[in-house]
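Given next are the chains, with one letter for each unit.
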Amino acid sequence: MILQEVIRQQVLSAIPPNATKIVLVDPPDHPNVGDSAILYGEMTFLSVHFPNAKVNFVDYKSYANGQKYLLERADCILFHGGGNFGDLWKRHQNTRLRIMREFPNKPMLQFPQSIHFKDQNNIAEMAEVISKCADYTLVVRDKNSLAFAEKHFSCKTNLSPDMAFYMPKLTRLKPHLDTFCLLREDKELLVDKTKAIISILDELTLTHKHEDWVIEEAPLKAKLNDLLCRWFKLHPSITPILQPIYEYIRILYMRDNVKRGVKLLSSGEIVVTDRLHAMIMSHLLGITNYTFDSLGSKVASFYKAWLSDASITHLIDDVDDLRETIK
């Protein structure tokens, strides 16, 4: 299966073919490499299929009166893909809901997302907002999310791989360890397996290192982006002047993040992870990877939909299974 072709089929038809003014909502401003990989794929997709379009950004930090002109003139509004569709990551969901309420008559596309709701009231709120949108397409990246959307939402829903598969070709660097472990430490962590994994790797006498790619200290580009977002809200009249700078910094940050992710994953002959995009990027880099599930079965659902036939990508249910699988 050529995943880029599936993405093209499931996503392209929802965007007006003559769109020249596009707004992308909530491109990442944080150090999570996975979200930057998604953005890289989204921007590559748009540059390939809409080479003459102007793509502007707004996000949960920047969106204010000074940026509304971008959405008012837009031919289409696109929402960044990932795993924040639902009530787990409220700041992103609230921005999504706000813009959908403010511009219900605009063509809208949600790039591939995993859906995760805990509160029935939040599901009802999302359903109500969707019902009032004239032209809204929801793209999901796993079959569980597809079933959920078809049950609860009155909109066209398509199934597609993650947009990270539309990134330009990634090049693997030379490894210097037997194993690199990229293990999450945030609220999507299902079970803390780090100590058990390290114990198994020591038992197998494999050299290893572990960390997460969500670093705490924001680089200069992220700090400058925060400053620009505050200016947008305090001084709306200067938004048209600063908007190109804000977008340029965001693209540079995206590229830096993906480059950092490639360096981290490439450090090991094999990768052990519980992050979806560590699995996806390892797959794209040709690195054998062993991946555990995360909260809401996001990783397992995606694996079963798109990567279960991949010879180098393995879904691991239990830490003890890792010992036998790596052998």
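Along each chain, the written sequence defines residue order, and numbers are assigned to residues from 1. With the structure being a predicted model, the display of local features is reserved for residues of pLDDT at least 70 and the display and counting of side-chain atom pairs for 80 or more, all residues being used for whole-chain, interface and lining totals. The side-chain numbers reported here are obtained from all heavy atoms of the structure, hydrogens and water having been left aside.

A. Region of interest: the pairing of strand S2 (residues 54-58). Most of S2 is tucked away: four of the five residues are buried. When DSSP finds at least two bridges between two strands, those strands are taken to pair. Only DSSP runs of H or I with at least four residues qualify as helices, and only runs of E with at least two residues qualify as strands; both kinds are numbered from the N terminus onward. Two strands pair when backbone bridges link them, and strand S1 (residues 21-25) and S2 are joined in this way by five bridges, in the parallel orientation. Within S2, the residue paired with Val23 across the bridge is Asn56. If the strands point away from the viewer and the path from the first strand over the helix to the second runs clockwise, then the crossover is right-handed. Each parallel crossover has a hand, and the one from S1 via helix H2 (residues 33-49) to S2 is right-handed. Buried, partly exposed and exposed residues are distinguished by accessible area as a fraction of the type maximum, computed with a 1.4 Å probe on protein chains only: under 20%, between the cut-offs, and over 50%, respectively.

B. Up close: the nonpolar core. Ranked by size, the top nonpolar core spans 91 residues in total, and within it Ile15, Phe153, Leu265 and Met281 carry the most contacts. Broken down by element, this core gets its largest block of residues, nine residues, from helix H9 (residues 239-266). Residues are treated as being in contact if the distance between any of their heavy atoms lies within 4.5 Å. Each residue touching Met281, except ones within four places of it in the same chain, is listed here: Val33, Ala37, Met167, Leu170, Trp213, Val258, Gly261, Val262 and Leu265. Counting residues in hydrophobic clusters, the runner-up holds 14 residues, among them Ile197, Ile270, Tyr290 and Ile326. Side-chain atoms within 4.5 Å are what join buried Ala, Val, Leu, Ile, Met, Phe, Trp, Tyr and Cys residues into a set we call a nonpolar core.

C. Structural detail: the packing of helix H8 (residues 220-234) against H9. Here, axes are lines fitted to C-alpha atoms. For helices the fit covers the stretch in contact, and angles between N-to-C directions go from 0 to 180 degrees. Viewed as axis vectors pointing N to C, H8 and H9 meet at an angle of 155°, and their least axial separation amounts to 10 Å. One element, H8, and the other, H9, form an angle in the roughly antiparallel class. You can see that H8 and H9 cross each other, and the crossing is left-handed. Of the residues in H9, those touching H8 at Lys221, Ala222, Leu224, Asn225, Leu228, Cys229, Trp231 and Phe232 are Thr239, Leu242, Gln243, Ile245, Tyr246, Ile249, Arg250, Leu252, Tyr253 and Asp256. Note on residue classes: Ala, Val, Leu, Ile, Met, Phe, Trp, Tyr, Cys and Pro are nonpolar, Asp, Glu, Lys and Arg are charged, and everything else, Gly too, is polar. Looking at the contact of H8 with H9, its residues break down into twelve nonpolar, three polar and three charged. Throughout this description, any angle smaller than 35 degrees is read as roughly parallel, any larger than 145 degrees as roughly antiparallel, any in the 65 to 115 degree range as roughly perpendicular, and the remainder as oblique. Crossings are classed by handedness, with left-handed meaning an anticlockwise turn of the near helix from the far one by less than a right angle and right-handed meaning a clockwise turn.

D. Region of the structure containing the pattern of salt bridges. A pair is scored as a salt bridge if a Lys or Arg side-chain nitrogen falls within 4 Å of a carboxyl oxygen belonging to Asp or Glu. Tallying each qualifying case throughout the model produces 16 salt bridges. Note that Asp274 is salt-bridged to Lys193, the shortest N-O span being 3.9 Å. Pair noted here: Asp274 is in the loop between strand S10 (268-273) and helix H10 (276-285) and Lys193 is in the loop between strand S8 (177-182) and helix H7 (194-203), with a separation of 81 residues, a long-range link. When its relative accessible area of 11% is taken as the criterion, Lys193 is described as buried. With a shortest N-O distance of 2.7 Å, Asp212 and Arg275 are connected by a salt bridge. Remark: Arg275 occurs in the loop between S10 and H10 and Asp212 occurs in the loop between strand S9 (208-211) and H8; sequence separation between them is 63 residues. What you see here is one network of salt bridges that share partners, running through Asp29, Lys61 and Asp226.

E. Inspection of the environment of Tyr40 at higher detail. Tracing the chain through its elements places Tyr40 in helix H2. Residues Tyr40 and Ile312, spaced 272 residues apart in sequence, show a C-alpha to C-alpha distance of 23 Å. Not counting chain neighbours up to four residues away, the residues in contact with Tyr40 comprise Met167, Pro168, Met254 and Val258.

F. Spotlight on the packing of aromatic side chains. Think of it this way: a Phe, Tyr or Trp ring, Trp meaning its six-membered ring, pairs with another when their centres are within 6.5 Å, and the plane angle makes it stacked under 30 degrees, edge-to-face over 60, tilted otherwise. Evaluated as defined, the whole model comprises nine aromatic pairs. Here the aromatic rings of Phe117 and Phe148 are separated by 5.8 Å at their centres, their planes lie at 10°, and the arrangement is stacked. Taken as a pair, Phe117 in the loop between strand S5 (108-116) and helix H5 (120-131) and Phe148 in helix H6 (residues 143-152) lie far apart in primary sequence, 31 residues in all. Residue classification places Phe117 among the buried residues on the basis of a relative accessible area of 13%.

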